[in-house]
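# A look at the structure
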Amino acid sequence: MLSLRPTGDARLVQIVDAAVAEAARRSGDWLLCRPGCADCCVGVFAISQLDVLRLQDGMGGLQANDPVRADRIRERARASIARLTPDFPGDSATGTLFADIDEAFADLGNDEICPALDPEAGTCDLYAHRPMTCRVFGPPLRTGDDGALGVCELCYHGASDDQIAACEVESDPDDLEGSLIAEAAEISGSRRETIVAYALVRS
């Protein structure tokens, strides 16, 4: 399967992963994220077309190397879509989200397990190709235009605000992701966001 990911996405992943590693180094024992800790894999969130192309690239590789596992992911994705369809804040046929979805996501799929998660191992079957939201969650990383700081609520117990701030790293200081999202929209033919399950069933 030919990859349609923007060529710069590999560089973006490298930059963000390096930032995560540095934040994890600064955090030490306060950061509890480990394989099998999958609380952050529960719930539905919007992903960009760049995330879609990255996930589909991962699915293409998995299909070639482990088609049984790829089929299991698609089965879980189809089941997830069926559960979410009645309240989906967008076009449930295509997975395209409406522009204003913040309120809709407050109550959508809060208990929905990500289809990419292996329910037995508690690990992500597409870890190397996971969306940016997944990639930056856990340690204190500044992300997005508003410089939002996201920290896993299971971590940093007993740490003060100043101690958490001392672990902070900016994930994408030059906003490479912004330009790549625009490029991905041209490749995919859509600028609208979707969710992981729809990206996986269409791969």
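Before reading on, note that the structure itself is shown above.
Residue numbers restart at each chain and count upward from 1, following the sequence in its written direction. For a predicted model such as this one, the threshold for reporting local features is a pLDDT of at least 70, and the threshold for listing and counting side-chain atom pairs is 80 or more; totals across whole chains, interfaces and linings nevertheless cover every residue. Computation of side-chain values: all heavy atoms of the structure, hydrogens and water removed.

## Some thoughts on the packing of aromatic side chains
This is how it is decided: Pairs were defined over the aromatic rings of Phe, Tyr and Trp, the Trp ring being its six-membered one, requiring ring centres within 6.5 Å. Orientation was assigned from the angle between planes: stacked under 30 degrees, edge-to-face over 60, tilted for the rest. By definition, any uninterrupted DSSP run of H or I lasting at least four residues is a helix, any uninterrupted run of E lasting at least two residues is a strand, and each is numbered from the N terminus. The rule is simple: take the accessible area with a 1.4 Å probe, protein chains only, and divide by the maximum for that residue type; under 20% is buried, over 50% is exposed, in between is partly exposed. Whether a charge lies above a ring is judged from NZ of Lys or CZ of Arg, which has to be within 6 Å of the ring centre and within 35 degrees of the ring normal.
Inspection of every chain in the model, using the stated rule, returns one aromatic pair. Seen in terms of ring centroids, phenylalanine 88 and tyrosine 198 are 5.2 Å apart; in terms of plane orientation they differ by 50°. Their pairing is tilted. In this pair, phenylalanine 88 is assigned in the loop between helix H3 (67-84) and strand S1 (90-91) and tyrosine 198 in helix H8 (residues 196-201), connecting sequence segments 110 residues apart. Using a relative accessible area of 8% as the deciding quantity, one classes phenylalanine 88 as buried. We note arginine 130 situated over the ring of tyrosine 127; from NZ or CZ to the ring centre the distance is 3.7 Å.

## Here's the deal with helix H2 (residues 49-65)
Formally: Here, expected helix span is obtained from the residue count minus one, scaled by 1.5 Å. By the criterion applied in these results, polar contacts are pairs of N or O atoms within 3.5 Å in which, for protein atoms, one can donate a hydrogen and the other can accept it, and in which residues neighboring in sequence qualify only through two side-chain atoms.
With 17 residues, H2 extends 24 Å between its outermost C-alpha atoms, agreeing within 8% with the 24 Å of an ideal straight helix rising 1.5 Å per residue. Most of H2 is tucked away, with 13 of its 17 residues classed as buried. Where H2 starts, the residue carrying a side-chain oxygen 3.2 Å from the main-chain nitrogen of leucine 50 turns out to be serine 48.

## Description of unusual backbone geometry
Trans peptide bonds make up the majority, and among non-glycine residues the majority have a negative phi. The backbone of tyrosine 156 shows a phi angle near 65°, a positive value even though the residue is not glycine. By relative accessible area, which is 5% here, tyrosine 156 ends up buried. Non-glycine residue aspartate 175 carries a positive phi angle of around 50°. With respect to the element layout, aspartate 175 can be found in the loop between strand S7 (169-170) and helix H7 (176-188). Using a relative accessible area of 40% as the deciding quantity, one classes aspartate 175 as partly exposed.

## Let's talk about H3
The criterion, for reference: Taking the helix axis as origin, the arc is that swept by the directions to the C-beta atoms. For this analysis, residues touch if any pair of their heavy atoms sits within 4.5 Å.
Spanning 18 residues, H3 covers 26 Å between terminal C-alpha atoms, matching the ideal 26 Å at 1.5 Å per step. Of the residues making up H3, those classed as buried are Ala70, Ile73, Arg74, Ala77, Ser80, Ile81 and Leu84. Angular distribution of buried residues about the axis of H3 spans 120°; they occupy a single face of the element. Facing away from the buried surface of H3 by more than 90 degrees, the exposed residues are Val68, Ala82 and Arg83. In this structure, the buried side of H3 is in contact with H2 and H8.

## With respect to the state of the cysteines
Applicable threshold: Two cysteine sulfur atoms make up a disulfide if the distance between them is within 2.5 Å.
Taken as a whole and assessed by the stated rule, the structure comprises zero disulfides. The structure places no disulfide on cysteine 33, whose sulfur is separated from the nearest cysteine sulfur, that of cysteine 155, by 4.1 Å. The structure places no disulfide on cysteine 41, whose sulfur is separated from the nearest cysteine sulfur, that of cysteine 40, by 4.3 Å. On the basis of relative accessibility, which here comes to 21%, the residue cysteine 41 falls in the partly exposed class.

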